[in-house]
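Working through the structure, step by step
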Number of protein chains: 2
Amino acid sequence: MTLPVLLMLLHDASGVVSVDEQDPSAPQVSVLDLGVTRGDGIFESIGVIDGRAQALEPHLARLAKSAAMLDLPAPDLDVWRAAILRSIELAGSATVGSELLVKVILTRGIEDGDSATGWVYCFDAGHYDREREAGIAVVTLDRGYRSDVAETSPWLLQGAKTLSYAINKAALREAARRGADDVIFVSTDGFVLEGPNSTVIALIDGAYVTTPPSLGVLEGTTQGAFFADAQARGASVEYRAFTVDELRGADALWLASSGRQIAPVVTLDGQPVSADPAFTAGAVERLLAR
Amino acid sequence: MTLPVLLMLLHDASGVVSVDEQDPSAPQVSVLDLGVTRGDGIFESIGVIDGRAQALEPHLARLAKSAAMLDLPAPDLDVWRAAILRSIELAGSATVGSELLVKVILTRGIEDGDSATGWVYCFDAGHYDREREAGIAVVTLDRGYRSDVAETSPWLLQGAKTLSYAINKAALREAARRGADDVIFVSTDGFVLEGPNSTVIALIDGAYVTTPPSLGVLEGTTQGAFFADAQARGASVEYRAFTVDELRGADALWLASSGRQIAPVVTLDGQPVSADPAFTAGAVERLLAR
């Protein structure tokens, strides 16, 4: 079997009725699907290392949480888990010694219809050696929201992983214009949020710190694994709101995501950030060995 | 010819290379299209009354503006105009005496590809008599942004008509939960913005007032036609920032959009708003006669 592998999850009003392998190079989505006409759906990207799906249960839990936040029908996680694992199985020998990704997508389906659209897509994730080893240049950008917006205004869907990512893509283009690789979003009241497709980890006063989901950020699956590893090695970890000033004063910074695992931040808004390449290399190795 | 009509605009790196009629009930979009995986694209909805495309040039101008804001290739407006008119022509007798809509979509295309995806889709817009005559119940909802965010943070894409509309759909579901039909978004600093898919028109001190695009709202095509009609009839019109308090004190309110034309707001956050059904009926008639 060659990559990529596409499994379409055919839905009716009651849920998934079949899981069918389809040609990923042929069109599979209707022009009336709310996923494309309104970005009205959710997704996950799951790392697959040497055939092992990473953080599968946290990804499925987050998919269910996003579905609830968008009032989508609750996904049958057993069906989705089986489809994800089947797509990896179908990738066969392509999984050996490689880093793949499985993208999971669930949309509200055809406008005025009564059934969702879903698929899983297993593909080669590319290479992240440069980001992991040489690190990334990051700029801070205003997300435009206060840090309490997830609590005051749930219809803004902060903390749901939706298909409406045009702003995230625009932020990455703005970073490129500024000569940077990636973005850390900050709230209007001065707190650190997250990247467009990553979680921020800061080393502050000897503890690994990340922003809690209550501030309207996604619960990071890779950051969760990093924290578990750090704790197992006796380090302190903290979920707490921290400010842009604390970010600028951090002893080290990483962005965590399913593809890159972790990438060290080497400049923040053009200012150098200290890095510990040996530590990062070890942590990446342990994250890949999960 | 029966509705709906779908014309796919096939692109290569240089732009549109052909315009082909396709079966709208068959899948036409790749699972890798950034329109569906990232809501990374733009759209317009154009009213078609008795075969006449309404506000075609303002819609095309707004499409070009949205494309620029998203760093998409500039659409060749002559090609898009011709495709829109051809879709109406193909609808044939279905246009006679009817209200249709043409939806225009342009996405960034396949991930890592070099060509956009586009289509126009002409369909029956349904009936809006109830909204136009009985009016609509509207709630105000926080958009979470300050009124100056379009100027300070262009990567937030406020004022672009993107496919990333999950928040707009969530806001409409929140309205339904509150027993209302529609939403007026307000800024965190207390200014009136727009509806999820409409422009607000308020009658304040004898003048028709709407929010200027500088506050990060779309330039309304239907509201523009309403203003032109009002001015031609000797009324005052104003583009200016106005507050939620002014909204609550307005002598009348309407939401303007391509399908409904204008719908009078009869309650705002549960409080009655005075309406002038005879005036609205006349204005709808003139808007439909454009």
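In this text the structure is predicted, and so the values were computed from the model without any measurement.

Description of the relation of the copies chain B and chain A
- Once chain B has been moved 0.0 Å along the axis and rotated by 180°, it coincides with chain A to within an RMSD of 0.0 Å. Such a combination of rotation and displacement between the chain copies is what one expects of a two-fold axis.
- Both copies present the same face, since 100% of the interface residues in chain B are matched by interface residues at the equivalent positions in chain A.

Notes on the environment of A:Leu253
Residues and elements named next belong to chain A.
- Considering the arrangement of structural elements, one finds Leu-253 in strand E12 (residues 252-257).
- For Leu-253, a relative accessible area of 2% translates into the label buried.
- Among residues more than four places away in sequence, those in contact with Leu-253 are Ile-201, Ala-202, Leu-247, Ala-263, Pro-264, Val-265, Leu-268 and Val-273.

Concerning the pattern of salt bridges
- The final tally for this structure, using the stated rule, is 36 salt bridges over all chains.
- Salt-bridge contacts for A:Asp142 lead to B:Arg146; the nearest nitrogen and oxygen are separated by 3.7 Å. With A:Asp142 in strand E7 (residues 136-142) and B:Arg146 in the loop between strand E7 (136-142) and helix H5 (149-152), the pair connects residues from two separate chains.
- With its nearest N and O atoms 2.9 Å apart, the salt bridge here joins B:Glu246 to B:Arg240.
- B:Arg240 sits in the partly exposed class, given a relative accessible area of 23%.
- Overlapping salt bridges, with partners in common, bring together A:Asp71, B:Arg173, B:Glu174, B:Arg177 and B:Arg178 in one network.

Observations concerning the domain arrangement of chain A
Residue and element names in this part refer to chain A.
- If you check the domain split of chain A, you get domain 1 (5-126) and domain 2 (130-288).
- Taken residue by residue, the interface counts 25 residues in domain 1 and 19 residues in domain 2.
- Across the domain 1 to domain 2 interface the summed buried area is about 1700 Å²; carbon plus sulfur atoms make up 57%.
- A salt bridge links Arg-132 to Glu-99; the nearest nitrogen and oxygen atoms lie 2.7 Å apart.
- Put simply, domain 1 and domain 2 have 12 residue pairs in polar contact (both at pLDDT 80 or more) between them.
- Those elements that place two or more of their residues in the side of domain 1 that touches domain 2 are strand E3 (41-49), helix H2 (56-69) and strand E5 (99-107).

Here's the deal with the packing of aromatic side chains
- Under the criterion given, the structure shown has 21 aromatic pairs over all chains.
- On the basis of an interplanar angle of 0° and a centroid distance of 4.6 Å, the ring pair of A:Tyr145 and B:Tyr145 is categorised as stacked. Of this pair, A:Tyr145 sits in the loop between E7 and helix H5 (149-152) while B:Tyr145 sits in the loop between E7 and H5, each in a different chain.
- The exposure class of B:Tyr145 is buried, given its relative accessible area of 4%.

Some points on unusual backbone geometry
- Unlike most non-glycine residues, B:Ala55 shows phi in positive territory, near 50°.
- Following the sequence through the fold, B:Ala55 ends up in the loop between strand E4 (52-53) and helix H2 (56-69).

Section: the sheet that holds strand E1 (residues 5-12) of chain B
Residue and element names in this part refer to chain B.
- Across the sheet, which stays open at both edges, the six strands sit in the order E2-E1-E6-E5-E3-E4 with antiparallel pairing between neighbours. Looking along the sheet, the strands with just one partner apiece sit at the ends: strand E2 (15-22) and E4.
- Relative to strand E6 (residues 117-124), strand E5 (residues 99-107) runs antiparallel, the two being bridged by eight bridges. The residue bridging Leu-101 from the neighbouring strand is Phe-123, located in E6.
- In the packing of H2 onto the sheet, the strands contacted are strand E3 (41-49), E4 and E5, and the crossing angle to E3 comes to about 175°.
- Along the sheet, helix H3 (residues 77-91) contacts E1, E2, E3, E4, E5 and E6; its crossing angle with E1, the most-contacted strand, is approximately 155°.

Rules of the game
Residues numbered from 1 in each chain as written. Chains lettered and ligands numbered in written order. Predicted model: local features only at pLDDT ≥ 70, side-chain atom pairs only at ≥ 80, totals over all residues. Heavy atoms only, no water. Least-squares fit on C-alpha atoms with pLDDT ≥ 70 in both. Contact = heavy atoms within 4.5 Å. Helix = DSSP H or I, 4+ residues; strand = E, 2+ residues; numbered from the N terminus. Buried < 20%, exposed > 50% of the residue type's maximum accessible area, 1.4 Å probe, protein only. Salt bridge = Lys/Arg side-chain N within 4 Å of Asp/Glu carboxyl O. Domains from an automatic or database assignment. Buried area = accessible area lost by both parts, 1.4 Å probe. Polar contact = N/O pair within 3.5 Å; in protein donor to acceptor, adjacent residues only side chain to side chain. Phe/Tyr/Trp six-rings, centres within 6.5 Å; stacked < 30°, edge-to-face > 60°. Pairing = 2+ DSSP bridges. Axes fitted to C-alpha atoms, helices over the stretch in contact; angles between N-to-C directions.

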